[in-house]
Amino acid sequence: MTKAIRIHANGGPEVLKWEDVPTPEPGPGEALVRQEAVGLNYIDVYFRTGLYKAPSLPATIGMEGAGSVAAIGPGVTEVAVGDRVAYAGPIGAYATERVIAADRLVKLPERIDAQTAAAMMLQGMTAQYLIRRTYRVKAGDTIVLHAAAGGVGLILCQWAKHLGATVIGVVSSEAKAELARQHGAAHTVIGHANLPAEVKRITGGAMVPAVYDSVGRDTFYASLDCLAPLGIMVSFGNASGAVGPVDIGLLGAKGSLFLTRPSLATYTAKRSDLEQSARELFDVVSSGAVAIRVNQTFPLRDAAAAHVALESRKTTGSTVLIP
Ligand code: NDP
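Not measured: the values here are computed from a predicted model.

Draft legend 1. Structural view of the overall build of the protein chain. Summing up its helical and strand segments, the protein chain has ten helices and 16 strands in all. Its C-alpha atoms give the protein chain a radius of gyration of 20 Å, within 12% of the compact-globule value 20 Å for 323 residues. Counting the 323 residues in the protein chain, one finds 55% classified as buried. The contacts in the protein chain between residues at least 6 apart in sequence include a share of 68% that link residues at least 24 apart. For the protein chain, the accessible area works out to roughly 13,200 Å², and carbon and sulfur atoms hold 54% of it. The protein chain carries 30 positive and 28 negative side-chain charges, and their two centres are separated by 4 Å.

The following block contains the structure:
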């Protein structure tokens, strides 16, 4: 037997149950990973509440982990028993041991420990595709970034600065603003009520070529108003709730804007893209350009407390659950 946090129904943090489950056996193309650390991500909240649907119930939620390969099934070529590995998806991470398709695993460089890996694979590869592929951030760009002191946020602040961009970070408190500035945000704005006016002031009226908005419902329209003509609205999350139907005529009226709703799963669906994304992440972390901040850890069995902290905006940087 092994231990896992499972949900039998959607709901609040109380639906997360610490249970005994049979140790899974790897089938063809699969590996059994003995996990040393599990990453906490906002998407875990969506699967718990039912905003996103788990394939079936009961379900072991969680998208990210790191550890070592304990066994492999037939036909596995990507990893061997004993390899140190990490991954970001698919669902099933809140467990001491889990089975996963071996082509979703990335081997960890010696210099990256399991906690750092579990903290950064999902948030860091998200940061990578957002600023290197969805919109390719260039030196001299100014960008708006919501939840700038969060997990994805602190990584993006550092990485965008490293690329030579100026980050306007949006946060909910002065303490978070200070943290975002320490990690490379050149400007911070507290709350979104006056965001377009603040962006206008900071950019001297030019506005910005890209907004990265993971807050969703509460900030969508304020974000659109921060864009320069032909700018791109990258709506990549729903921490405040899902964005409702959008009148695409607005995109024309506000300056021929682009709108995308990207996901890491699409950007890493091909193994070559997964490997490239992980390699770029390992490089910026190893070089010191991006520091991974594990600002909270919880025992995996206390995942409910971790969810409460994340949803009540009490966390900063990344959070790791220890099996
Ligand atoms: P964070 O650490 O950023 O935590 C969420 C933050 O969102 C909070 O700390 C808070 O920051 C802000 N927030 C704003 N409004 C609310 C609200 N109503 N309730 C709760 N939080 C709110 O989480 P992650 O780094 O794990 O994820 C950040 C976002 O990125 C999430 O929306 C997630 O879904 C998305 N994401 C999307 C991916 C994709 O591929 N599309 C992949 C990975 C993450 P503050 O207090 O400063 O407002």
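Structure shown, so let's carry the discussion forward.
Draft legend 2. Representation of the side chain of Thr268 within the structure. As for its placement among the helices and strands, Thr268 is situated in the loop between α8 (264–267) and α9 (271–286). Among all residues touching Thr268, those that are not within four sequence positions of it are Arg104, Asp273, Leu274 and Ser277.

Draft legend 3. Focus on the site of the ligand. In the vicinity of the ligand there are 28 residues, among which Tyr46, Tyr129, Ser172, Lys176 and Leu264 approach most closely. Lys176 is positioned with one of its side-chain polar atoms (N or O) 2.7 Å from an oxygen atom of the ligand. Taking Phe236, its main chain carries an N or O atom lying 2.9 Å from a nitrogen atom of the ligand. Residue assignment for the shell around the ligand shows that the elements contributing at least two residues are α1 (42–49), α2 (114–134), α3 (151–162) and α10 (303–311). In terms of residue count, the dominant contributor to the shell around the ligand is α2 (four residues). Broken down by class, the residue content of the shell around the ligand amounts to 13 nonpolar, eleven polar and four charged. Counting only domains with at least three residues in the shell around the ligand, you end up with domain 1 (2–121 + 271–322) and domain 2 (139–261).

Draft legend 4. A look at the pattern of salt bridges. Throughout the structure, instances matching the rule amount to 14 salt bridges. Note that Asp103 and Arg104 form a salt bridge whose closest N and O atoms lie 3.6 Å from each other. Owing to a relative accessible area of 17%, Arg104 belongs among the buried residues under this scheme. As a salt-bridge pair, Glu280 and Arg132 come within 3.0 Å of each other at their nearest N and O atoms. Taken as a pair, Glu280 in helix α9 and Arg132 in helix α2 lie far apart in primary sequence, 148 residues in all. In this structure Glu280 comes out as buried when scored by relative accessible area, which is 18%. A single network of salt bridges, built from pairs that share partners, joins Glu174, Glu178 and Arg181.

Draft legend 5. Quick peek at the pairing of strand β9 (residues 142–146). The buried fraction of β9 is high, at five of five residues. Here β9 shows no split at all, with Thr142, Val144 and His146 on one side and Ile143 and Leu145 on the other all buried. Here β9 runs beside strand β10 (residues 166–171); their pairing, made up of five bridges, is parallel. In the strand pairing of β10, Leu145 is matched with Gly169. With α3 bridging β9 and its parallel neighbour β10, the resulting β-α-β unit is right-handed. Alignment of β9 against strand β12 (residues 208–213), held across three bridges, turns out to be parallel.

Conventions we followed
Residues numbered from 1 in each chain as written. Predicted model: local features only at pLDDT ≥ 70, side-chain atom pairs only at ≥ 80, totals over all residues. Heavy atoms only, no water. Helix = DSSP H or I, 4+ residues; strand = E, 2+ residues; numbered from the N terminus. Rg over C-alpha atoms; globule rule 2.2 N^0.38 Å. Buried < 20%, exposed > 50% of the residue type's maximum accessible area, 1.4 Å probe, protein only. Contact = heavy atoms within 4.5 Å. Areas by Shrake-Rupley, 256 points an atom, 1.4 Å probe, with all protein chains shown as cover. Lys, Arg positive; Asp, Glu negative; His and termini not counted. Charge placed at Lys NZ, Arg CZ, Asp CG, Glu CD. Near = heavy atom within 4 Å. Polar contact = N/O pair within 3.5 Å; in protein donor to acceptor, adjacent residues only side chain to side chain. Nonpolar A, V, L, I, M, F, W, Y, C, P; charged D, E, K, R; others polar. Domains from an automatic or database assignment. Salt bridge = Lys/Arg side-chain N within 4 Å of Asp/Glu carboxyl O. Pairing = 2+ DSSP bridges. Right-handed = clockwise from strand over helix to strand, strands pointing away.

Everything listed is a geometric property; what it means functionally is a separate question.
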